[in-house]
Each structure stands twice: as structure tokens, then as C-alpha cells.
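Architecture at a glance
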Amino acid sequence: MYMDLSMLVHRTPCSVLLVVLCLSSLPTAISVQLRVNTDTNMSTNMSTPSYPAEPYCYNVNGICFLWASPCSGVVWCSELNALSTYDWFCPWGLRYATQSEWDGAYATLDSNRDTFFQKCAASQLDPRHDHCDYYNTFVREPDNSYNELVLVCPPAGTPTPSPTPSPTVAAGSPTASPTPSPTFDPTVGGTGAYPAEPYCYNVNGICFLWASPCSGVVWCSELNALSTYDWFCPWGLRYATQSEWDGAYATLDSNRDTFFQKCAASQLDPRHDHCDYYNTFVREPDNSYNELVLVCPPAGTPTPSPTPSPTVAAGSPTASPTPSPTFDPTAGGTGAYPAEPYCYNVNGICFLWASPCSGVVWCSELNALSTYDWFCPWGLRYATQSEWDGAYATLDSNRDTFFQKCAASQLDPRHDHCDYYNTFVREPDNSYNELVLVCPPAGTPTPSPTPSPTVAAGSPTASPTPTRRLARSRRAERRAEPVGPDRWTRLAKAIPICRTFMVSGSI
């Protein structure tokens, strides 16, 4: 008899396979043909990714292009590690596109930017950033700038181009390995004369920087002392004076789209690398979560006297973070407790868009919910089925507003963003859907029994395994957790008898 065991060898413990192998002791009239896919790709009839880079690929002319980084080699933005270190991600050698590959693909990549953006691979490849910048220019090699770097993961067996493409960097550019601090000529004009310049929105000759999505409240984020950013703004990062602010605010607000593209949080904020588009601009910390805008003055500009300093109401947190935020759990209004700004209220219940992952270990897992009492003092929890049924349609139809309240930056240990198009779920489901939690009103009893996630038998345990965690593709379609293509090979190496019959073709 004949059996296709391609799936079996990937998903069955070897102890069971040994029983199959022992069929060799049966009469020879019974022949079991074992067909194993030994190629580095998975069996072609499987829908799961055959290698880690696959979900992030945008294929043009049979070549996998990867949107790798929002930076293209300038040392104060970010630099990728040596491409040879990413073989775990692209097993056949991550590389730069050749000129002919690039010429044949650029127009397609650019015209399909929406789809390519959803496959951003920065979370896997960039050592500093986990996002791509939608509007910036694609480049195929580092160019000592902050364009969007696109790389190639070639098909299995593709020979490396000869000579291997390498980045063309202008004379005098930074070396490949980061220097202790960026060097620049403070008298030079033009893009990149000093690190802050690409992030400047200039109004009345003054460089304004969208510095942070928080404005001083300790449980959101606080900037370091402004004097520590001289590497970024060599003439002294500072708060805007009232007259500077009054003369610039209307222009900054009416040009929010352009200013948003220059968000400098990745350079200045110790916790966040994004700005929040819809929030209010402020010129000084105000113990809240508004958008803080700072000034990098022109060279030789005297510091205003007296130096502007933040005006903080009595009783606000001190400039240095306290061990945990203090708040009145019975108080209403904005900021009554840390979770409140992130709440989308339906039927009197605060729903929180908590994570772009829903329990699969290689994406991200939340910590124990009991550890978030600093954020939701009455106990972060899963929604009951009746709460979910009563709220889901409202959450989904108001996705734009809910998305602006994404709480992943506060709750997820790996990601600080939510994925707009993915499906909402109320409990971990061993996948990469969007997890929504509940922060109940003060004094609300915990449902009995407490909802707990339903995980299918054989799913990963709640605690992460030692293997590398892979952030999931940001595509809307669903894929199951990938099964390593070399699982059978590893298994065979562990048990010699298995290896004996691995490629023999029959028993």
C-alpha cells in the first residue's frame, strides 16, 4: 500500500514514526512508500510560510523584495547589521538588488505601496525601528540618508550576483560601523547638515520638532534632560518661547500631514518611536499625553532669557519618574487613571486595543494581566462573551477612532503599534489577530468564572519558548504558525534509525 506521509513527518512525534518504520518487519508484500519533501522549502501544498521572510515578501518578476528599514545608512538614524547575519530570516542570503532587478521592479513596488507597506519587515531587520515610513523614497542600497531601504531575499538556489552589489556611499560619509556620535559641520546648509535637520519643520526661520507623543505624564513617557540631546541639535534643544509658539502654531497645525512625516520621536523619546497624528500640540510638558513640540534653534542663536521651563500644576509628578503613577481611582475626567486616554467606551465599559498579536509565541504575548494594575487599577481582564457581543459591531464600525487609542505601547512587551485591518478578538487564540481587553469601571466585580483564553490542544504554552520570536506579517489574511522546514531533518539527526529511512523512498 502507498501512503503520502509528507505532513506526518512534519507534525508527528518521532516515537510514532518509529512505529511506522517498524513496518519493515511485516511481510514484504506490504510496501509502504514514504514520500518526504527534502527541499529547503515546505511542501508546496502547505499554506504556512516556508521560511521566516516569506510573509514579508512583495514578489516582482519572481523575486522577493523586502521593505527592510525606514533608514538608508545614515548613522544617526539606523543601520542594518551585516546582511550575512540575517540567514535565519532569509536562508539563501539577504542582499541588495542588482540594478536590473531594481529597474524592473521599482514602478511596481511604488504603485503598490499600500500593499507593500503592510508587509514592512523593519521589525525583523532593523536594530532600532519596527516601522516603515510610507511616504519616503525607496532605495536599493544605503545612500547615507533616511530613505526607505528595500532588500532582496532570492529564491532557493539562486546564485549570488557577481560582483555582489554593494552600497555606493559618497566620500566623507559615515563609516559602516556607528561612530560614538555623529559628526557634522554646523555651518553647512542642506539636508543632513546636522542630525535634527531632516526632522525640522521650519516656521519663521525656526526649526520646530515633533518630539514626543507624550507631554510629561510619567506613565506615558518623559524626555531626558534637553541638554543630553546636543548630539542631535548641537545648539541646544529647548522649549519654544510663547512668542515663537504664537507665531508658528497655526502653520504647524494646518500643515500637520507634512509635520507628521517628520516625527522626531524615534530620535528623542526614550520609549516611543511614533507621533500621534490627531492629538494637540503643546510647547511645554503639561503632565499629559499631548504632542510635545520643541525647538532646535539656528546656529549662533542666543538662548532666550530666562530659559522657558515647563509650567506644571501643583501636585503633578516630579520631573523624574516616581516608582508608579498616583491617581484617584474614583475621579472622572481625562487622565483619572492611566488607561483612560486609551479607552473606547461601549455600554459603559472601557475597551482597550491591547496588542497586534493574540497569543502566538513568535509574535508577542502580554504579561500576566495582574501585572498591569498600574495601568488599570481595577483589574485588566478579558471581555465576557455578552460584553463582546454587545460591543463588537460598535468597535468595528468606529475602527478609525479606536485605532487612534491603540494601547499596545502601554501593554505589549514587544510592539507599540496596532494593525488597522486585522480582526478583533477578545481572548488569545494562538494567532496574530488584534487583542482587545477590558478595563472595568471602579468597583465592578470580576466576572465569575473569570474568562480565560481558549487555546487549541498542541498550541504553544503561555510562556515563550526559547526560540526566536517572529513578529507576524501585517497582512490582513490569516496564516497558521509556521512549521520549520528542517524539523524532520533535526528529528532524523537525533534518532539515527529515522535518518536511515529518511530518503530511501520505501520500507
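Description of the structure in this document. Values in this document were obtained by computation on a predicted structure and should not be read as measured data.

A few points about unusual backbone geometry
Although it is not a glycine, Asn204 adopts a positive phi angle of roughly 55°. Considering the arrangement of structural elements, one finds Asn204 in the loop between β7 (201–203) and β8 (206–212). A positive phi angle, near 55°, is found at Asn347, a position not held by glycine.

Remarks on helix α9 (residues 385–397)
Given a rise of 1.5 Å per residue, 13 residues ought to cover 18 Å, and the 19 Å separating the end C-alpha atoms of α9 matches this to within 8%. Ala391 marks the point of greatest bend in α9, at about 45°. Every buried residue of α9 is accounted for by Glu387, Trp388, Ala391 and Leu395. Against the buried residues of α9 lie β11 (344–346), β12 (349–355), α10 (399–404), β13 (424–425) and β14 (434–439).

Observations regarding the pattern of salt bridges
All told, the structure shown has 9 salt bridges when counted by the stated rule. The closest approach of N and O atoms between Arg140 and Glu141, which form a salt bridge, is 3.2 Å. Of the two residues, Arg140 and Glu141, neither departs from the other in class, the shared state being buried. Across the salt bridge formed by Arg399 and Asp396, the nearest N and O atoms sit 2.6 Å from each other. Exposure remark for Asp396: the relative accessible area of 34% places this residue in the partly exposed category.

Side note on the sheet that holds strand β9 (residues 281–282)
Pairing is mixed in the open sheet, where 4 strands are placed in the order β7-β8-β10-β9. Only two strands of the sheet have a single neighbouring strand rather than two, namely β7 and β9. As defined by bridge partners, β9 adjoins strand β10 (residues 291–296) across 2 bridges and the pair is classed as parallel. Its bridge partner being in β10, Val282 is matched across the sheet by Leu292. Relative to the sheet, helix α6 (residues 242–254) contacts β7, β8, β9 and β10, its axis offset from that of β7 by approximately 125°.

About the cut-offs
Residues numbered from 1 in each chain as written. Predicted model: local features only at pLDDT ≥ 70, side-chain atom pairs only at ≥ 80, totals over all residues. Heavy atoms only, no water. Helix = DSSP H or I, 4+ residues; strand = E, 2+ residues; numbered from the N terminus. Expected span 1.5 Å × (residues − 1). Bend = angle between axes of the 7 residues up to and from the residue. Buried < 20%, exposed > 50% of the residue type's maximum accessible area, 1.4 Å probe, protein only. Contact = heavy atoms within 4.5 Å. Salt bridge = Lys/Arg side-chain N within 4 Å of Asp/Glu carboxyl O. Pairing = 2+ DSSP bridges. Axes fitted to C-alpha atoms, helices over the stretch in contact; angles between N-to-C directions.

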